[in-house]
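Summary of structural features
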Amino acid sequence: MTFNDIEIMFGGQAGDGSLTTGDLIAGVFKRMGLEVYTYKDFPSRIRGGHTNYVIRASEHRNYGMADFVDGLVAFDLEAVEAHITELRPGGFVVFDSTSETVPGPLRRPDVTWYDVPLAKIAKQDLGLELVRNTISLGVLAKLIGMDPAIVRNDVTGVYQRKGEKVVDLNVRAIEAGEAYVEKHYAEWPSGYGLKAREDGDRLLMMGNDAIAYGALVAGCRFMAGYPITPATDVLEWMAKYLPKFGGVAVQAEDELAAINMVLGAAFTGVRAMTATSGPGQALMTEAIGLAGVLEIPIVIVECARTGPSTGMPTKTEQSNLNHLIFSGHGEIPRVVLAPGTVEDSFYISARAFDIAEKYQCPVFVLTEQALCQSKATLPPLDAASVEIDRGKLVTGPVVFGDYRRFAFTEDGVSPRVIPGVEGGMHLAAGSEHDPEGVITENSLNRARMMEKRLGKLVSMREDLPEARVHGDPDAEIAIFGYGSNRGPIVEALERLERDGVAVRFFEFRTLWPFPEAGVADFVAGAKHVFVVENNYTGQLERLIRYVTGPLDYMHLVNKYDGKPFRPIEIIEAIERHALLRGPGERVAELVPLKAKRL
Amino acid sequence: MTATLSPKDFATATPSWWCPGCGDYGVLSALKQALAELGKVPKDVAFVSGIGCSGKISGYLHSYAFHGVHGRALPVATAVKLANRDLTVIAAGGDGDGYAIGAGHFLHAVRRNPNVTYVVMDNQTYGLTKGQSSPTSATGYVTGTSPQGNPDAPLNGLAVALAAGGSFLARGFSAHPKKLVELLKIAIEHDGFSIVEVMSPCVTYNKINTYAWFKENTYYVDEAPGYDPGDRSHAFDVLLDEGKIPLGILYRDGRPTLEALMNLPERPLAALDLNSSKADFASLLRAYR
């Protein structure tokens with residue numbers, strides 16, 4: 001019997017309510033005192049198409065999926081077909097047997113099968129097929145021992161706004177699910193159980209919400225954006241809350257407008273942001289260059305998904321790193337920050353606004369679908385700890401003629417006035433300009449201006465979020481990674497440590513300007529270096545190679561199928577290259593795990 | 001409040017890059033005159049321009065001037081207004097900036113109706129890239145990129161704006177400074193998105209739509225008997241008429257502004273104290289407990 005360590009997957013068709021049920025389960029797990037991580041794997045359509053929602057609960061905070069799924073709730077055969085290989089031996093399947101049966105070859109003998117006619121019960125006993133999700137929650141609650149009082153309380157909470165009738169229907173659906181298990185499977189345990197712990201003062205929050213909350217707390221009062229998966233949550237959150245704090249959120253006609261609005265608001269002295277994903281980021285490129293040359297502080301949240309072009313809009317990838325760092329004509333100072341957890345999403349987002357304003361340049365917050373649309377339990381976010389430093393912002397009068405908006409200074413940052421300030425009138429031009437702002441093609445001025453602007457990349461170094469080094473600092477096995485991979489990498493590291501294998505992990509939180517000194521220090525003494533990232537070409541690995549030069553013991557552990565890493569994939573790569581085989585091998589692609597699992 | 005300013009107070013020391021005789025000089029001097037007569041002060045004027053000959057204008061008007069990327073003046077200007085509603089916000093650009101690369105934003109600015117004035121300096125050609133056809137060039141107009149004659153129909157920007165819900169549409173002529181100053185003053189005072197399209201001849205590249213041509217082919221609607229700028233269908237009639245080009249205030253209404261519909265606070269966003277109300281933030285976390 002396994003207690004308090006379980007990964008549930010809900011699989012069905014988009015629009016059938018499995019996301020709502022998944023959220024409900026995550027909430028119940030949290031209130032039972034467990035640490036939760038969720039991962040949404042849904043198609044880019046509203047109705048139909050296979051969707052699944054993974055909810056992981058354990059006593060340890062993991063920030064990622066486990067090696068295997070423990071319990072699959074399959075609303076159709078397609079869900080079984082798609083995910084049966086991901087099940088842990090000893091796991092279980094709840095299958096809606098109303099109109100389909102699972103053919104023999106798919107019926108793995110090493111898992112427990114619970115055939116429940118969910119749709120039939122919903123229709124015949126409760127009069128509404130839609131509630132089969134809630135029935136499945138009742139089934140699951142009974143099978144793994146979810147607290148019945150919390151389940152009822154949460155179901156009531158979720159459906160309250162739809163009225164008493166709907167609440168009553170869903171509570172009866174829970175009961176129907178529980179009753180079915182009692183009647184048919186009382187002697188057939190799932191092998192999984194839960195023991196409630198103290199919930200404590202914790203949150204269950206999605207990465208995008210943490211980013212938005214961080215922005216609000218950091219004083220962002222203007223957001224413009226254009227809906228795009230998986231970034232839309234940020235605009236929706238800001239549209240809801242910004243007006244309550246005197247701010248404004250605008251849904252622009254496209255990303256070109258959105259980023260130019262952000263520039264306009266920031267030029268006028270308001271902390272401003274946008275949030276987008278790859279395709280929108282591409283459209284924003286020209287204006288981000290303008291922000292660089294006009295020295296306007298802006299924050300751009302990039303919620304990466306698979307590309308190029310439309311790619312797979314709802315799937316995860318880390319293939320936009322090069323784009324954020326190198327896109328655009330001409331050269332500008334820019335910062336790329338990447339949180340590794342939901343909690344860090346808040347702190348990094350808040351920090352981005354200070355860095356933008358202190359160094360008067362665009363700052364990217366880079367995240368990806370597997371983190372920004374995932375929920376996790378975390379300690380309360382400390383809004384009071386966020387201090388606001390507006391840098392060289394000038395709000396009092398200046399003497400016209402003496403004041404120079406683009407004055408040369410030691411750190412490259414010039415005092416910045418905003419419209420309305422007496423004496424500070426000037427031209428902010430995307431054309432090259434002199435310290436006063438007057439357009440000029442004078443070559444001496446051009447060279448000095450370039451040095452002033454790009455020099456900020458050096459003067460800002462001390463202010464940038466530091467990488468986090470996990471594990472044994474003297475370990476011979478070293479891993480680099482960032483973003484959503486922080487979860488599976490740390491988990492792999494901890495498990496290897498338990499097996500007596502020392503590992504260290506460099507979690508980037510600033511990706512540009514590239515932390516060259518930190519990277520060089522970290523690789524010193526390593527016998528094997530692994531770079532874990534979700535893209536084909538090894539974008540992070542190449543940046544590291546700029547610093548280290550070619551290393552024949554550097555291994556790229558990459559994945560580009562739209563899915564996040566599971567810890568076993570990282571462990572296997574390390575075993576293969578660092579433990580079983582000698583150095584010198586480069587992994588182009590991992591051996592599919594399916595064969596091994598079956 | 002300082003003593004009433006003169007147009008000279010809105011001048012910059014920067015010498016103009018425009019060709020001698022360019023229609024844009026008339027637009028610039030009319031703008032300076034209008035701002036002075038309205039009692040505006042440079043520190044409270046935000047002036048946003050796009051790219052092209054017309055886009056240069058922001059460098060010549062003493063104010064908080066923003067010379068951004070091609071075609072995006074209106075999103076910038078809209079946000080400047082939202083960020084600080086106390087500012088007088090004016091955007092300016094040419095027919096290429098506003099009706100070609102920026103056409104999308106033009107429509108949406110019209111829909112939103114922010115209290116921003118947009119001056120479209122229309123010379124029916126691309127000047128800064130040396131005389132290609134523009135969205136307002138006549139069909140058949142021969143240029144380097146249309147050696148067999150421009151195959152496209154000219155865009156009627158004001159008619160499009162009227163259809164999209166424009167709340168203030170006017171057209172002036174840069175060679176009629178007095179009239180232009182009046183139009184600009186009324187436009188700037190209009191509470192909503194006010195468009196002033198100005199016929200601004202290019203003396204270097206456009207040998208067809210010259211000063212003489214405009215004098216011959218335009219008329220003021222207020223000189224026509226019974227013209228009512230509050231009558232939308234009347235405005236459509238004159239805008240769609242293929243005869244002479246109508247000048248003057250073509251249409252105006254009092255539709256609510258973006259600021260009003262967003263319930264934008266009276267106090268500018270730019271003046272908010274960012275360190276206040278920290279305690280309120282913690283309460284937002286209740287939804288996640």
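Residues numbered from 1 in each chain as written. Chains lettered and ligands numbered in written order. Predicted model: local features only at pLDDT ≥ 70, side-chain atom pairs only at ≥ 80, totals over all residues. Heavy atoms only, no water.

Digging into the overall build of chain B
On a plain count of helices and strands, chain B comes out with 10 helices and eight strands. For 289 residues, the compact-globule estimate of 2.2 N^0.38 gives 19 Å, and the C-alpha radius of gyration of chain B, at 20 Å, lies within 12% of that figure. Considering only C-alpha atoms, chain B reaches an extent of 70 × 45 × 40 Å along its principal axes. Taken together, the 25 basic and 26 acidic charged side chains of chain B have centroids lying 7 Å from each other. (Helix = DSSP H or I, 4+ residues; strand = E, 2+ residues; numbered from the N terminus. Rg over C-alpha atoms; globule rule 2.2 N^0.38 Å. Lys, Arg positive; Asp, Glu negative; His and termini not counted. Charge placed at Lys NZ, Arg CZ, Asp CG, Glu CD.)

Let's talk about the overall build of chain A
Counting its secondary structure elements, chain A contains 19 helices and 25 strands. Among the 598 residues that make up chain A, the fraction classed as buried is 65%. In chain A, the proportion of contacts linking residues at least 24 apart, taken out of those at least 6 apart, comes to 74%. Surface summary for chain A: the accessible area is close to 21400 Å², and the carbon and sulfur share equals 51%. Positive and negative charge centroids in chain A, built from 62 and 80 side chains respectively, lie 2 Å apart. (Buried < 20%, exposed > 50% of the residue type's maximum accessible area, 1.4 Å probe, protein only. Contact = heavy atoms within 4.5 Å. Areas by Shrake-Rupley, 256 points an atom, 1.4 Å probe, with all protein chains shown as cover.)

Brief notes about the domain arrangement of chain A
Residues and elements named next belong to chain A. Here the domain parsing of chain A yields domain 1 (2-193), domain 2 (204-385), domain 3 (392-465) and domain 4 (466-595). Just the C-alpha atoms count here: the centres of domain 1 and domain 4 sit 34 Å apart. Counting residues at the interface gives 14 residues for domain 1 and 14 residues for domain 4. Between domain 1 and domain 4 lies a buried interface of about 1200 Å² when both sides are counted; carbon and sulfur atoms form 41% of it. Considering only the surface of domain 1 that becomes buried against domain 4, Tyr63, Met65 and Asp67 emerge as the three largest contributors, covering 44% of it. Its salt-bridge partner being Arg495, residue Asp67 comes within 2.5 Å of it at the nearest N-O pair. Viewed at the interface, domain 4 and domain 1 are joined by seven residue pairs in polar contact (both at pLDDT 80 or more). (Domains from an automatic or database assignment. Buried area = accessible area lost by both parts, 1.4 Å probe. Salt bridge = Lys/Arg side-chain N within 4 Å of Asp/Glu carboxyl O. Polar contact = N/O pair within 3.5 Å; in protein donor to acceptor, adjacent residues only side chain to side chain.)

Regarding the interface of chain B and chain A
One frequent convention defines the size of an interface as the accessible area lost when the parts assemble. If you look at the interface, chain B gives 46 residues, while chain A gives 66 residues. For the pair chain B and chain A, the two sides together bury roughly 4700 Å², of which 68% comes from carbon and sulfur. Here chain B and chain A share two salt bridges between them. The residue Glu253(A) makes a salt bridge to Arg112(B) at a minimum N-O spacing of 2.7 Å. Applying the counting rule to chain B against chain A returns 17 residue pairs in polar contact (both at pLDDT 80 or more). Those elements giving two or more residues to the side of chain B that touches chain A turn out to be strand 2 (64-67), helix 2 (73-83), helix 4 (103-112) and helix 10 (278-283) of chain B. With six residues, the single largest contributor to the side of chain B that touches chain A is helix 2 of chain B. Looking at the side of chain B that touches chain A, its residues break down into 25 nonpolar, 14 polar and seven charged. Here strand 19 (residues 426-429) of chain A pairs with strand 2 of chain B via four bridges, running parallel. Looking across to strand 2 of chain B, one finds that His426(A) is bridged to Tyr64(B). (Nonpolar A, V, L, I, M, F, W, Y, C, P; charged D, E, K, R; others polar. Pairing = 2+ DSSP bridges.)

Some remarks on the sheet that holds strand 10 (residues 220-225) of chain A
Residues and elements named next belong to chain A. Ordered by their spatial adjacency, seven strands build an open sheet running 11-10-12-13-15-14-23, and the pairing between neighbours is mixed. Two strands lie at the open edges of the sheet, namely strand 11 (248-251) and strand 23 (510-512), each paired on one side alone. Strand-to-strand twist across the sheet, computed as the mean angle between neighbouring axes with direction ignored, equals 20 degrees. Alignment of strand 12 (residues 271-276) against strand 13 (residues 298-304), held across four bridges, turns out to be parallel. Paired with Ala275 across the two strands is Val301, which belongs to strand 13. (Axes fitted to C-alpha atoms, helices over the stretch in contact; angles between N-to-C directions.)

Here we look at the side chain of Glu533(A)
Residues and elements named next belong to chain A. Note that Glu533 resides in strand 24 (residues 528-533). Of the buried charged residues, Glu533 lacks a salt bridge, with Arg542 as the closest side chain of opposite charge at 7.8 Å. A polar side-chain atom of Glu533 sits 2.7 Å from the main-chain amide nitrogen of Leu540. Not counting the four nearest positions on each side in its chain, Glu533 is found in contact with Gln318, Asn485, Gly538, Gln539, Leu540, Glu541, Leu556, Val557, Asn558, Lys559 and Phe565.

Describing helix 10 (residues 278-294) of chain A
Residue and element names in this part refer to chain A. Helix length check: helix 10 (17 residues) gives 24 Å between terminal C-alpha atoms against 24 Å at 1.5 Å per residue, within 8%. Maximal helix bending in helix 10 amounts to about 50 degrees, located at Thr285. Judged by how many residues are buried, helix 10 sits mostly within the fold: 12 of 17 residues are covered. If you check which residues of helix 10 are buried, you get Gly278, Gly280, Gln281, Met284, Thr285, Ala287, Ile288, Leu290, Ala291, Gly292, Val293 and Leu294. (Expected span 1.5 Å × (residues − 1). Bend = angle between axes of the 7 residues up to and from the residue.)

Examining helix 9 (residues 255-267) of chain A
All names here are of chain A. Taking 1.5 Å per residue as the helical rise, helix 9 with its 13 residues ought to reach 18 Å, and the 18 Å between its terminal C-alpha atoms agrees with that figure. Across the 13 residues of helix 9, 13 count as buried, placing the element largely inside the fold. Capping the start of helix 9 is the job of one residue whose side-chain oxygen sits 3.1 Å from the backbone nitrogen of Leu256: Asp254. Gly269, located one to two residues past helix 9, shows a positive phi value of around 105 degrees.

Remarks on the pairing of strand 5 (residues 168-173) of chain B
Residues and elements named next belong to chain B. In terms of residue burial, strand 5 counts as a mostly covered element, since six of its six residues are buried. The alternating pattern of strand 5 places Phe168, Ala170 and Gly172 and Leu169, Arg171 and Phe173 on opposite faces, both of which are buried. Across six bridges, the pairing between strand 5 and strand 6 (residues 194-199) is parallel. Bridging from a neighbouring strand, Gly172 pairs with Val198 of strand 6.

Brief notes about unusual backbone geometry
Residue and element names in this part refer to chain A. Cis geometry marks the peptide bond from Gly307 to Pro308; its omega dihedral reads -5 degrees. Within the fold, Pro308 resides in the loop between strand 13 and helix 11 (321-326). The amide bond that connects Trp512 to the next residue, Pro513, takes the cis arrangement and shows omega of -5 degrees. Looking at the element boundaries, Pro513 is found in the loop between strand 23 and helix 16 (516-523). One non-glycine residue with positive phi stands out, namely Gln360, at about 50 degrees. Here Gln360 is to be found in the loop between helix 12 (342-359) and strand 15 (362-368).

A few points about the packing of helix 1 (residues 18-31) of chain A against helix 5 (residues 148-159) of chain A
Residues and elements named next belong to chain A. Here helix 1 crosses helix 5 at 135 degrees, and the two axes come no closer than 10 Å. As summarised for this structure, helix 1 and helix 5 are arranged oblique, according to the angle between their axes. Viewed along their axes, helix 1 and helix 5 form a crossing whose handedness is right-handed. Taking contact as the criterion, the partners of Thr20, Leu24, Gly27, Val28 and Arg31 in helix 1 are, on helix 5, Ile150, Val151, Asp154, Val155, Val158 and Tyr159. (Parallel < 35°, antiparallel > 145°, perpendicular 65-115°, else oblique. Left-handed = near helix turned anticlockwise from the far one by under 90°.)

Details of the confidence of the model for chain A
Per-residue confidence for chain A gives a mean pLDDT of 94; residues scoring 70 or more make up 97%. Taken as a whole, residues 581-598 of chain A scores under 50 in pLDDT and shows 45 contacts with residues more than four places along the chain or in a different chain. (pLDDT = per-residue confidence, 0-100.)

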